[in-house]
Amino acid sequence: MSWLTPHIGTQIVDFGSAMLLLTCFAIVAQRRLSACVDLFALQSLFLAMTAALVAFLTDTPHIYIAAALTVVVKVIVIPRVLKGVIERLNVTRELVMKVNVPASLLICGALVMIAFFITQPIIPFGHLLTRDSLAIALAIVLIGFFTMISRQKAVTQLIAFLMMENGLFLGATAATYGMPLIVELGVFFDVLVAALIAGIYTNRLQDAFDSVDTTRLSELKE
Amino acid sequence: MIKDQSIPQAIALTLAQAIVLLAVSPAIVGLIKKVKARFQCRQGAGILQPYADLKKLFRKQPVVSTTTSWIFTATPYIVFASTVTAGLLVPIFVSQMPLNFAGNIIAFVYLLALGTFFLILAGLDAGSPFGGMGSSREAIVASLTEPAMIMAIFAIALTAGSTNLSTIVHRTALLEGIVTDPSPHLMALAAVFIVALAETGRVPVDNPATHLELTMIHEAMVLEYSGRYLALLEWASAIKLLVFLTLIANVFAPWGIATSFTPMALSIGLAVYLVKVAGLGLLIGTIECMFAKLRLFRITDLLGVAFILALLGLLFFYILRS
């Protein structure tokens, strides 16, 4: 592997995290719920590939396990569960949004800039291969947060939550070459359970209101 | 760049470039139409059909409405001239164009915008409701593609360290640019591709195959034209398509382009260029068959995506600077 110099390795890792951010924007621009789920699976696949590459470049075997878990949990299991939930719903698109698509995209662009300016003073102190990805990880977390606020369907909110989790994972990999394995395992279990609970909750919402619009929950009174 | 070239050589190269642009552009339009026909299980007209169409139109007598002003008759010449001039600023088969002292990539964008501006005026000039609708839509599309295009250009220019197209292409051909800095370039590539589809009126934005439809944009503006005026406008839009394809092919994948002025390098450069442009033509034909035209009010979403892609390309240059 003589061609895989640290410089080229950094380029590939950077490119992987750039693709992660790109899929975030694709999710923000996408109205069809099932396409959002597919894009989330794609994003998780990029995340797993980036993590595996970091593991390979830095010789940290426990990141391999985290990457494999990402593939199993976020590329296979959670998208399946979400697809099942969407099949039961009577809506396939997010039609009413608090912020429309072009405006959301512009706001997300601004969030990337904010993330960049926040991390800029910290990055030069890092000496890790992955330090450039920190800004992107923070941007993904912010975009996920914004998407949770601006969308009304429970499914999109759940995808945004999972997107934030992907951002945090990337951030952990970028800042410290991953958290200890036991922490990663705990996080994966939490995310899986959260996704399952949210799936059941979405089904209940559908049964109770005939809609998965979470603003309807404010109608609940004692 | 002009220092190591003699003046006659520079003039010859510029002329050769203009001839390639003028001669190849109708064939690309014909190729795209042929690809679409084959996808629709039709035989389709030959690739050389647009040449015959142009020849026929040049022979016909133009009809000009009595209500129009000088703008109507001047516009085809302005559009044609500005498009060809813009085309001369893009390296086609030689990485260092003799005309590169005359303008950089920003001049390129605004030369094309000049043509668009006059086309919009001409659409309004005849006073037909169709023309007005086409102009208004073209103005929407043009105002949204311009920021995306400029942002994408800055993303490329930052890595190359120059806004001069010849310098950008030359450096990338000598294995800098996209090879050493893939993320900003790929974002810019996606943005420029969407902009190219929108600017040249291809399918997700406008349908070039329809002539009388309520949603048309480019065709609505040129509806009043006939004879040699129509021929010039059709030819100019074919050249514009070719210029955008050239820009995509040579800025993002210039390998094979002649970096020196030997006859061998020049002929290889020309052959590689034709293959690349034909490949992009095939891609556009395929896209036109696979996707439906967007609703007019969804075009802003698509162009918003192009703008954000370009912006991300620009940001990645700073974020991923290691």
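See the structure above.
Read on for an overview of the structure.

Looking at the interface of chain A and chain B
Next up, step 1: Between chain A and chain B, the residue contacts involve 22 residues of the former and 23 residues of the latter.
Next up, step 2: Summing the contributions of chain A and of chain B, the shared interface buries around 1900 Å²; its carbon and sulfur component is 75%.
Next up, step 3: On inspection of chain A and its partner chain B, the count reaches 1 salt bridge.
Next up, step 4: When the shortest N-O distance is used, the salt bridge between Asp301(B) and Arg31(A) registers 3.1 Å.
Next up, step 5: The tally of links between chain A and chain B comes to 1 residue pair in polar contact (both at pLDDT 80 or more).
Next up, step 6: When residues of the side of chain A that touches chain B are traced back to their parent elements, those giving at least two are α1 (6–29), α4 (101–119) and α5 (133–150) of chain A.
Next up, step 7: Per-element accounting of the side of chain A that touches chain B gives the leading share, 10 residues, to α1(A).

Points about the pattern of salt bridges
Residues and elements named next belong to chain B.
Next up, step 1: Taken as a whole and assessed by the stated rule, the structure comprises 6 salt bridges over all chains.
Next up, step 2: The salt bridge partner of Arg 202 is Glu 288, with a shortest N-O separation of 2.9 Å. Of this pair, Arg 202 sits in the loop between α7 (182–199) and α8 (218–221) while Glu 288 sits in helix α10 (residues 263–290); the two residues are 86 residues apart in sequence, bridging distant segments of the chain.
Next up, step 3: For Arg 202, a relative accessible area of 10% corresponds to the buried category.
Next up, step 4: By relative accessible area, which is 7% here, Glu 288 ends up buried.
Next up, step 5: Here the residues in one salt-bridge network are Lys 36, Arg 202 and Glu 288, joined through shared partners.

Reading guide: rules and limits
Residues numbered from 1 in each chain as written. Chains lettered and ligands numbered in written order. Predicted model: local features only at pLDDT ≥ 70, side-chain atom pairs only at ≥ 80, totals over all residues. Heavy atoms only, no water. Contact = heavy atoms within 4.5 Å. Buried area = accessible area lost by both parts, 1.4 Å probe. Salt bridge = Lys/Arg side-chain N within 4 Å of Asp/Glu carboxyl O. Polar contact = N/O pair within 3.5 Å; in protein donor to acceptor, adjacent residues only side chain to side chain. Helix = DSSP H or I, 4+ residues; strand = E, 2+ residues; numbered from the N terminus. Buried < 20%, exposed > 50% of the residue type's maximum accessible area, 1.4 Å probe, protein only.

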